[in-house]
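Residue-level structure breakdown
So the chains spell out like this:
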Amino acid sequence: MILFPAVDIKDGQCVRLRQGVAEDVTVFSPDPQAMARHWAGLGANWLHLVDLDGAFSGKPRNFELIARICAGLTIPVQLGGGIRDAATASAYLEAGVRRLIIGTLALADPEAFAAICAAHPGRIGVSLDAADGRLKVKGWVEDAGLTVDDVLPRLAAAGAAFVVYTDISRDGMQTGVNRPALERLLERTELPVIVAGGVATLDDVKALYPYGAKGLEGVITGRAIYAGTLDFGEAMAFIAQKSEEAA
């Protein structure tokens with residue numbers, strides 16, 4: 001299981017939101033590059049980047065900064081936020097991002113999403129962001145009029161390489177992952193799943209680890225590692241130990 005430290009970028013700073021609300025923001029660092037290096041230095045295998053400005057505006061707002069982050073790391077980076085056309089997707093991948101997470105476009109224009117997946121096989125994931133079972137788009141401010149069950153089959157058929165599932169009600173709240181929703185998702189898709197929203201402590205990581213055998217590729221953690229309720233190094237050590245035991 002991969003533990004993805006999140007670096008969310010807004011106005012050039014590393015921040016976290018609560019439940020995706022742009023106004024409910026906490027700045028954790030004025031230097032996202034330094035934070036990316038920090039997590040890599042603690043043993044991260046991947047970095048999860050989000051262009052929040054891009055998510056809200058619909059177009060890249062931190063492209064040069066993201067390119068510099070990728071250039072300064074030896075670990076791969078996955079990115080979401082504001083990727084709503086083929087040109088943007090190609091530009092980010094050429095700039096050093098290993099794989100992309102697309103939400104709004106995947107739901108609003110399935111043909112365009114499929115074309116991007118075909119152009120970059122294995123490198124395009126889909127973001128499913130849900131509140132009370134309903135999917136949200138455009139920075140989580142609009143209801144897509146769809147549920148996870150509505151879209152899973154066609155996203156897989158379109159060529160999505162993985163799914164990132166976020167329970168918006170738990171994002172940034174440190175109240176634990178919505179495990180029933182996660183279990184339902186894992187039962188309904190063969191795509192690798194990454195879960196976000198609610199991870200607060202090492203106990204949450206331990207509770208999620210067994211789901212790796214059911215298709216859970218990884219867990220994204222943000223506020224918990226910045227606020228200190230989850231020690232990232234300790235969590236990585238736990239995962240390494242479990243991996244050794246299983247070998």
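If you're wondering where the values come from, they're calculated on a predicted model, not measured in any experiment. (Residues numbered from 1 in each chain as written. Predicted model: local features only at pLDDT ≥ 70, side-chain atom pairs only at ≥ 80, totals over all residues. Heavy atoms only, no water.)

A separate point is the side chain of Asp167. Inspection of the secondary structure puts Asp167 in strand S10 (residues 163-167). Beyond its immediate stretch of four places on either side in the chain, Asp167 contacts Ala130, Asn178, Ala196 and Gly197. (Helix = DSSP H or I, 4+ residues; strand = E, 2+ residues; numbered from the N terminus. Contact = heavy atoms within 4.5 Å.)

Looking at the secondary structure, you find Thr88 in helix H4 (residues 86-94). Residues within four places of Thr88 in sequence aside, it is in contact with Pro60, Gly82 and Ile83.

Leu65, Ile66, Ala67, Ile69 and Cys70 are the residues of helix H3 (residues 63-71) that are buried. Buried positions along H3 lie against strand S1 (2-10), helix H1 (32-41), strand S4 (47-51), strand S5 (77-80) and H4. (Buried < 20%, exposed > 50% of the residue type's maximum accessible area, 1.4 Å probe, protein only.)

With that out of the way, let us pick up the pairing of strand S11 (residues 193-196). Both faces of S11 are covered, namely the face carrying Val193 and Val195 and the face carrying Ile194 and Ala196. Here S10 runs beside S11; their pairing, made up of four bridges, is parallel. Within the sheet, the bridge partner assigned to Thr166 lies in S11 and is Ala196. Looking at chain direction, S11 and strand S12 (residues 216-221) are connected through four bridges and run parallel. Within S12, the position partnered with Val193 by the bridge is Leu216. In this fold, the crossover linking S11 to S12 by way of helix H9 (residues 202-208) has right-handed handedness. (Pairing = 2+ DSSP bridges. Right-handed = clockwise from strand over helix to strand, strands pointing away.)

Glancing now at unusual backbone geometry. In this structure, Asp11 is a non-glycine residue whose phi angle is positive, near 55°. Relative accessible area serves as the criterion here: at 56%, Asp11 is assigned to the exposed category.

Once that is clear, we can look at the environment of Asn178. Positionally, Asn178 belongs in the loop between S10 and helix H8 (179-188). Here the alpha-carbon distance between Asn178 and Gly218, two residues 40 residues apart in the chain, equals 15 Å.

Here we take up H8. Taken together, the buried positions of H8 are Leu182, Leu185 and Leu186. The buried side chains of H8 occupy one side of the element, clustering within an arc of 100° when seen end-on. Opposite the buried face of H8, by more than 90 degrees, sit the exposed residues Pro180 and Glu187. Structurally, H8 contributes buried residues whose contacts are with helix H7 (148-158), S10, S11, H9 and S12. (Arc of directions from axis to C-beta.)

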